[in-house]
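# Residue-level structural notes
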Amino acid sequence: CLSITNDGNVASEPAYVIIAGIPTMVPGVTIDDNTITINGDNVNLTLSWGEAFNNFDPILSYTVSCSGDVTCPPDVTTTDNTTRNLTVTNLTSTTDYTFSVVATNSIGGGEAGIVMFTAPSLPEQVVNVMLTCEPVDLINQCAVDWDPVTVGNGQLEQPLVYQVYYNGTTVNVTSPTTTLTFEAPSLDVFVDNITVIVTAVNIFGAGPASDPVTEEIMSTSVVEARVALATPDENRLLHDITINCTINLDSEAEQCEVIAVADGKTTRTGTADITNGGMATVTVTGLDCGVTYTITAAGTLNGDLVGPRSSHGNIMSGPCPTTTSTSVVPPTTTMGPTVTPGS
């Protein structure tokens, strides 16, 4: 660079020139997993990016473009250089997209920062739900199982949880478990229904619920069978017990049948009519002495069981009579005088 001094001489000095250019590539184009939401088949998300270097010419805006599917939103250009995020809506589940972000200054647009993305989905519908219930004493033991489902398409593979709903109760079961056992102790009515629905849930929400499955369960007709009297006569080999049955008032049973069972012993049975108050007094006769019997009870109608048989504990029959042993004492022999030969 040349200049003229005050005395008219020509002087030479170094000069520095900065040439501005287009911005650099936009860094850090990402999709925050926590911003992804799914509404039906529509996926929403937030795209964010870092600040591009302006190459000595201020950045005026950023432009976001989408490619890969007809559901791509139109290009969006920010109105300033400080906004570096954008909410994108109504993408389609299981669809591949490519998002690019370009920084622009007065000279032009720079190289695009790119992120590729597969829109995730909710889990599939749970199918083949099976429900079985077995009455055990006063409790219905139920088991439900179903076919496993996929987590849902997309770049996020997350643990799956199944939600099992049965009669207003919800239980979460973590994948890969596809079975659940539970107790249904309802005795409010004699015959009740258990309805089960299973839903698969990933981090975005619940998939379609399974078709409901209903199982009819029966509560025992005998709510309580309590020993009222056991004969304690020690002089008898066989004994009687008297059982008071309390009947579920919703039961159709007309008699209470009590069975006393002991391993290796003959089963004994007693039956009595049920009164209007839902009570029956049953006597079981002929129990072997000194034996522990398991008492079970069930309501019957015309000889047929009404509901499952319930167990009501053990009872020891009366003790066996004691026997007195008689000792036989041999007679005392009186020995004579000892005779010595030759005396």
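Residues numbered from 1 in each chain as written. Predicted model: local features only at pLDDT ≥ 70, side-chain atom pairs only at ≥ 80, totals over all residues. Heavy atoms only, no water.

## Points about the state of the cysteines
As a reminder of what qualifies: Cysteine sulfur atoms are paired as a disulfide whenever they come within 2.5 Å of each other. Classification of residues uses two cut-offs on accessible area relative to the type maximum, computed with a 1.4 Å probe and protein chains only: under 20% is buried, over 50% is exposed, and between them is partly exposed. The secondary structure listing takes helices from DSSP runs of H or I that are at least 4 residues long and strands from runs of E that are at least 2 residues long, numbered from the N terminus.
Scanning all chains against the criterion turns up three disulfides. A disulfide bridge connects Cys-133 with Cys-142, and the sulfur atoms are separated by 2.1 Å. Sign of the S-S torsion, about 110° for the bond between Cys-133 and Cys-142, identifies this disulfide as right-handed. Just as Cys-133 is buried, Cys-142 falls in that class too. Put simply, Cys-245 and Cys-256 are joined by a disulfide, and their sulfur atoms are 2.2 Å apart. Disulfide Cys-245-Cys-256: the torsion about the S-S bond is -55°, which places it as left-handed. Taken together, the residues Cys-245 in strand 20 (residues 238-247) and Cys-256 in strand 21 (residues 255-261) connect sequence positions eleven residues apart. Its relative accessible area of 0% is what places Cys-245 among the buried residues. Given the relative accessible area of 0%, Cys-256 is considered buried.

## Some details on the confidence of the model for the chain
Selection criterion: How sure the predictor is of each residue is captured by pLDDT, a score from 0 to 100. By definition in these notes, contact holds between two residues if any of their heavy atoms fall within 4.5 Å.
Summary statistics for the chain give a mean pLDDT of 79 and a share of 75% for residues scoring 70 or more. The element-level mean pLDDT for the chain is lowest in strand 1 (residues 2-4), coming to 53, with strand 9 (residues 96-105) highest at 96. In the model, residues 332-343 has pLDDT below 50 throughout and makes zero contacts with residues more than four positions away in sequence or in other chains.

## Examining the packing of aromatic side chains
What counts here: The rule is short: rings of Phe, Tyr and Trp, with Trp giving its six-membered ring, pair when the centres are within 6.5 Å, and they are stacked under 30 degrees, edge-to-face over 60, tilted in between.
One pass over the structure, following the stated rule, counts five aromatic pairs. Each ring, one from Tyr-97 and one from Phe-99, has its centre 6.3 Å from the other, and the planes form 25°; the classification is stacked. On the basis of relative accessibility, which here comes to 1%, the residue Phe-99 falls in the buried class.

## Focus on the nonpolar core
The line we're drawing: Put simply, buried Ala, Val, Leu, Ile, Met, Phe, Trp, Tyr and Cys residues joined by side-chain atoms within 4.5 Å make one nonpolar core.
Residues Leu-47, Trp-49 and Phe-99 are the most contacted members of the largest nonpolar core, which totals 26 residues. Elements represented by at least two residues in this core include exactly strand 5 (42-48), strand 6 (59-67), strand 8 (85-92), strand 9 and strand 10 (113-118).

## Let's talk about the sheet that holds strand 9
Definition in use: Think of it this way: DSSP has to see at least two bridges between two strands before they count as a pair.
Taking strand neighbours across the sheet as the criterion, the four strands line up as 7-6-9-10 in an open arrangement whose pairing is antiparallel. Here the strands that pair on one side only, and so sit at the sheet edges, are strand 7 (76-77) and strand 10. Note that strand 6 and strand 7 share two bridges and pair antiparallel. Each residue of the ladder has a partner; that of Val-64, found in strand 7, is Val-76.

## Some remarks on a nonpolar patch on the surface
Rules: Grouping into patches uses exposed residues only, defined as over 30% relative accessible area, and leaves out salt-bridged ones; the cut-off is 9 Å for like charges and 5 Å for nonpolar side chains (Val, Leu, Ile, Met, Phe, Trp, Tyr). In this description, accessible areas are obtained by the Shrake-Rupley approach with a 1.4 Å probe, and a residue is regarded as covered only by the protein chains that are shown. Here, a salt bridge means any Lys or Arg side-chain nitrogen found within 4 Å of an Asp or Glu carboxyl oxygen.
A surface patch of nonpolar side chains, amounting to about 360 Å² of accessible area, comprises Ile-18, Phe-53 and Phe-56. Tracing the chain through its elements places Phe-56 in the loop between strand 5 and strand 6.

## A few points about the pairing of strand 14 (residues 169-174)
Pairing analysis gives six bridges linking strand 13 (residues 161-166) to strand 14, with the strands arranged antiparallel. Directly across from Gln-163, in strand 14, lies its bridge partner Asn-172.

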